[in-house]
Amino acid sequence: MREIIQLAAAFFGALGFALVFNLKGSSMLWSSLGGMLSWGVYLTAAIYFKGEGIRYFFAALFLGLYAEVFARLKKKPATVFLAVGFIPLIPGFSLYTTMHCALKNQRERFAFYGIQSLLIAGALASGIIVSLILFQLLKEFIKQFFEYFRKRFSK
Amino acid sequence: MDDEYCVKLSDDTGKLLLSYALDIGAEMLVNGAEISRVEDSISRICKAYGAKEINVFSIPYVILVTIYCENEGYITQSRRIESFKYDLYKLEYLNSLSRNICRIKPDIKSIKDDIKSINKLNGASFVRTFIGYGMISAAFTIFFGGSTAEAVSACIIGFMMHAYETVLKKLKMNKFLSSCVCAGAAGILAVLFVKFNIGESAENISIGNIMVLIPGLMITNSFRDLFSGNIISGFVRFTESVLLSIAVALGMSIGKLIL
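Residues numbered from 1 in each chain as written. Chains lettered and ligands numbered in written order. Predicted model: local features only at pLDDT ≥ 70, side-chain atom pairs only at ≥ 80, totals over all residues. Heavy atoms only, no water.

With a phi angle near 60 degrees, A:Asn105 is a residue other than glycine that sits in the positive phi range. Summarising the element assignment, A:Asn105 is placed in the loop between helix H5 (92-104) and helix H6 (107-154). Look at B:Lys105: it is not a glycine, yet its phi comes out positive at around 50 degrees. In this structure, B:Lys105 sits in the loop between helix H4 (88-104) and helix H5 (108-120). When its relative accessible area of 15% is taken as the criterion, B:Lys105 is described as buried. (Helix = DSSP H or I, 4+ residues; strand = E, 2+ residues; numbered from the N terminus. Buried < 20%, exposed > 50% of the residue type's maximum accessible area, 1.4 Å probe, protein only.)

Shown next as structure tokens:
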């Protein structure tokens, strides 16, 4: 039950950012849906993986591919889908707790949450980079594929 | 094919073309495009009108372009970007505009009207951002495990933050300071709300409000810039977003420790 509430909250949080960023029409809906689905990936990855970093990695990877695919489908920049969908993944909680503990002089919690936010940021970055590489490979592959068939049938 | 469009670059039009291409690029950068998109659009537009040897360099604060035209030789122009105002609708519009320019290749003077029409597009209206702030705050309070009462108070604080931020924007305060102050006010309000028994924990309320101020778009753009080869821009944006989020978290905690 908590997961379903979280998914709905992720959707509405992303929708709020879509409003602030002045998105209009269908891209508002699709970009916020991307945020919800990427959080869904994070939650389902928990079945297979225990580590938090790898779950964030898969969520970011999914979101990157989602954004690239929708950018091609809707003929809009990928940033539109990526920026809004990325919001639920941003480690706001651990970032805030890190600073709070630093001010309250709780060193152990500060170190714990500091490392956690760094870990999540690294995982998100690597998710994005792998999605970029995968998508480029896929694009190249499809291009070569069609090229091959065109040559073959034109002869 | 090239010769046909070189005719368009006769007389003084090379300079005009370059300045319009730069206007479009600068406008893209302001509205939150990544560097590779800006550089790509500018060089595509210039190439479409038959300019030779196009050198584009851009970082988040400046765009620098040199092209070679047959009549005018080398032309260099630059644009300094002072401040960012993320507006993804404008970005979509600019993207399709630059695609259209490359495809249809309209008369250079008519591009000017297109650029004027971009500036006429309204930014995010007051109502949209107002609702957006409340929605983000409430949604993320629930997302991080807060109760309904806490979500309601986060929503109200979100509305207040919006009003506060519009005032701060008019003062033209430093970006880091203004988000720090804004977060501090939100922290104080969260503690006050808990004192009046709307919600149990101020932490849960603040976490919703903090998400409003954290620069999510800048973080995603910095990752994309870093890994598409624009290392300088990626680091500039990454550092800026880290500093901004530290400022926000700091302001929030200071606000809470005061009370």
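Turning next to the packing of aromatic side chains. For the structure on display, the rule yields 29 aromatic pairs over all chains. Taking the centre distance of 4.4 Å and the plane angle of 25 degrees together, the rings of A:Trp39 and A:Tyr42 count as stacked. Residue A:Trp39 and its partner A:Tyr42 are located together in helix H2 (residues 26-48), separated by three residues, close to a single helical turn. With relative accessibility at 5%, the residue A:Trp39 sits in the buried group. An aromatic cluster is built from A:Trp39, A:Tyr42, A:Tyr56, A:Phe93, A:Phe112, A:Tyr113, B:Phe140, B:Phe143 and B:Phe144, whose rings are joined through pairwise contacts. (Phe/Tyr/Trp six-rings, centres within 6.5 Å; stacked < 30°, edge-to-face > 60°.)

All names here are of chain B. As judged from the eight bridges shared by strand S2 (residues 62-69) and strand S3 (residues 73-80), these two strands associate in the antiparallel manner. Opposite Leu-64, over in S3, you have Ser-78 as the bridge partner. Counted along the chain from S2 to the antiparallel partner S3, the turn is three residues long. (Pairing = 2+ DSSP bridges.)

Moving on, we get to the UniProt feature "transmembrane region" (unreviewed entry) in chain A. Residue and element names in this part refer to chain A. Look at the UniProt record and you will see "transmembrane region" (unreviewed entry) annotated at residues 28-49, 56-73, 79-98 and 110-138. As annotated, residues 28-49 has a helix share of 95% and a strand share of 0%, and its two end C-alpha atoms lie 32 Å apart. Helix and strand shares over residues 56-73 are 100% and 0% respectively, and the end C-alpha atoms of the span are 25 Å apart. (UniProt positions renumbered as here; feature names shortened; annotations may be inferred.)

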